Amino acid sequence: MKKAGFLLLLCVLLVAARVASAAEMAKEALTPGAFITRLVESKTEKERYEIVAQIAKLGAPAIPELREALKHRNWRGQWGAAVALGTMGDKASVPALIELLKNGTDPGVRGAAMALGMLKEQSAVPQLIQLMQGINAVSAIEALGMIGDPGVTIVLVRFMEDAKDNEVKRVTAEALGRLKDPMAIPVLVDGLKSGSWQVEGPSRWALVQIGKPAVPDLISLLSTDTGDAPRLAAEALGELKEPTAVKPLIATLKNSKNVPARVAAAEALGLIGDPSAIVPLIDAFEDMGEYTVEFMWKGVRVAAAEAVAKMSKDSLPLLLEKLKTAKGNTLQYVCYSLEKINDPTTVK
């Protein structure tokens, strides 16, 4: 019995020791140093961002060790420490981040640029503008867009005008969209006409961010019959719900030779919701134009019917009247529009 009791006590002590050891290991695993080690050993960008999110949860006690890690000999350590400090909003780390921006290893420099962007640090602007001239141009431009200093608009406009690389043009357009400065409208309109999907979409988004001042240029683009510019302009005007665009969009729906532009015009008219567009949209039920984009089919008739359904308060009487005499395609899409009106998700 004594031996059994001794063995039981020994087992309890061993288990307690293991539990204590596991607790110490868990505590160690939650230190900034342990996370930095994991960053250095990380294999993928996704893994690094996950580790950074865990570091940020440690809060202020982790900051001194993270600042020290900005000098880490491994770029992953530099990058992760910088992004973590930016995520934590530590303004006191700005001098150390600017130093990394000047003298760090290239991926570490990108992390510093991202952090300074997240911190919206105006004092970093001159160094970021200088960084635009090298291999880290994309990171510098993204940071400038996040900082939002209107004084850099002219720098970014000229940079986009001169850039040969579409990726650089893409991030510059996005940065200009964040700045929302009308000075950027001409270069963004050129982006809409560039013929590069990498540049066209961000340029359209940026013009929407600028808003009302961009409307005249967007309306002018509707009359272009080639390329994606008229489609993108119609989409932007629809997003802006711009009432002055209703007549030009109706003209595009009726007269444009560009099928994607006619589809986008119908969709935009539905978003704007002006009742004067209902009859032209119903007339478009006879428009056989259709196309595919990114494996998705789009047609003028469907876009027009869905647009009419969005304006059900004003369109329902006209649709019911049309139902009495409509034939062929018109009848089919009158019925389709009425079906959509019965679907509450399509009616605003």
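These numbers come from a predicted model, not from an experiment.

1. As for the overall build of the protein
From N to C terminus, the protein includes 21 helices and two strands. Counting contacts in the protein only where the partners sit at least 6 residues apart, residues at least 24 apart contribute 63% of the total. Roughly 17900 Å² of accessible area belongs to the protein as shown, and the carbon and sulfur atoms make up 58% of that amount.

2. As for the pattern of salt bridges
Close approach of charged atoms allows side chains with opposite charge to pair. All chains considered together, the criterion is met by 14 salt bridges. Between Arg-67 and Asp-90 there is a salt bridge; the shortest N-O distance is 3.0 Å. Of the two residues, Arg-67 sits in helix 4 (residues 63-69) while Asp-90 sits in the loop between helix 5 (75-88) and helix 6 (94-103), which places them 23 residues apart along the sequence. Its relative accessible area of 29% is what places Arg-67 among the partly exposed residues. Across the salt bridge formed by Asp-287 and Arg-262, the nearest N and O atoms sit 2.8 Å from each other.

3. Details of the nonpolar core
The biggest cluster of nonpolar side chains holds 107 residues, and the ones touching the most others in it are Leu-128, Leu-156, Leu-176, Leu-188, Leu-249, Leu-281 and Phe-285. Residue contacts for Leu-176: discarding those within four places in its chain leaves Thr-153, Leu-156, Val-157, Met-160, Asp-181, Ala-184, Val-187 and Leu-188.

4. Overview of a nonpolar patch on the surface
Judged by side-chain polarity, Leu-316, Leu-320, Leu-323 and Leu-331 come together as a nonpolar surface patch covering roughly 280 Å² of accessible area. The element that contributes the greatest number of residues to the nonpolar patch is helix 20 (residues 312-323), accounting for three residues. Here Leu-320 is to be found in helix 20. When its relative accessible area of 43% is taken as the criterion, Leu-320 is described as partly exposed.

5. Notes on unusual backbone geometry
Unusually for a residue other than glycine, Lys-120 sits at a positive phi of about 55°. Considering the arrangement of structural elements, one finds Lys-120 in the loop between helix 7 (106-118) and helix 8 (125-131). Looking at Lys-120, the relative accessible area reads 49%, which means it is partly exposed.

6. A look at helix 9 (residues 137-147)
Each full turn of the α-helix corresponds to 3.6 residues, which orients residues three or four apart in the same direction. When you tally the buried positions in helix 9, you get eight out of 11 residues, the bulk of the element. All of the buried residues in helix 9 are Ala-137, Ser-139, Ala-140, Ile-141, Ala-143, Leu-144, Gly-145 and Ile-147. Elements that come into contact with the buried residues of helix 9 comprise helix 7, helix 8, helix 10 (153-162) and helix 11 (166-179). One or two positions beyond helix 9, positive phi appears at Gly-148, with a value near 80°.

Conventions adopted
Residues numbered from 1 in each chain as written. Predicted model: local features only at pLDDT ≥ 70, side-chain atom pairs only at ≥ 80, totals over all residues. Heavy atoms only, no water. Helix = DSSP H or I, 4+ residues; strand = E, 2+ residues; numbered from the N terminus. Contact = heavy atoms within 4.5 Å. Areas by Shrake-Rupley, 256 points an atom, 1.4 Å probe, with all protein chains shown as cover. Salt bridge = Lys/Arg side-chain N within 4 Å of Asp/Glu carboxyl O. Buried < 20%, exposed > 50% of the residue type's maximum accessible area, 1.4 Å probe, protein only. Core = buried A, V, L, I, M, F, W, Y, C linked by side-chain atoms within 4.5 Å. Patch = residues over 30% accessible without salt bridge, like charges linked within 9 Å, V, L, I, M, F, W, Y side chains within 5 Å.

Bear in mind that shape data such as this cannot, by itself, settle questions of function.
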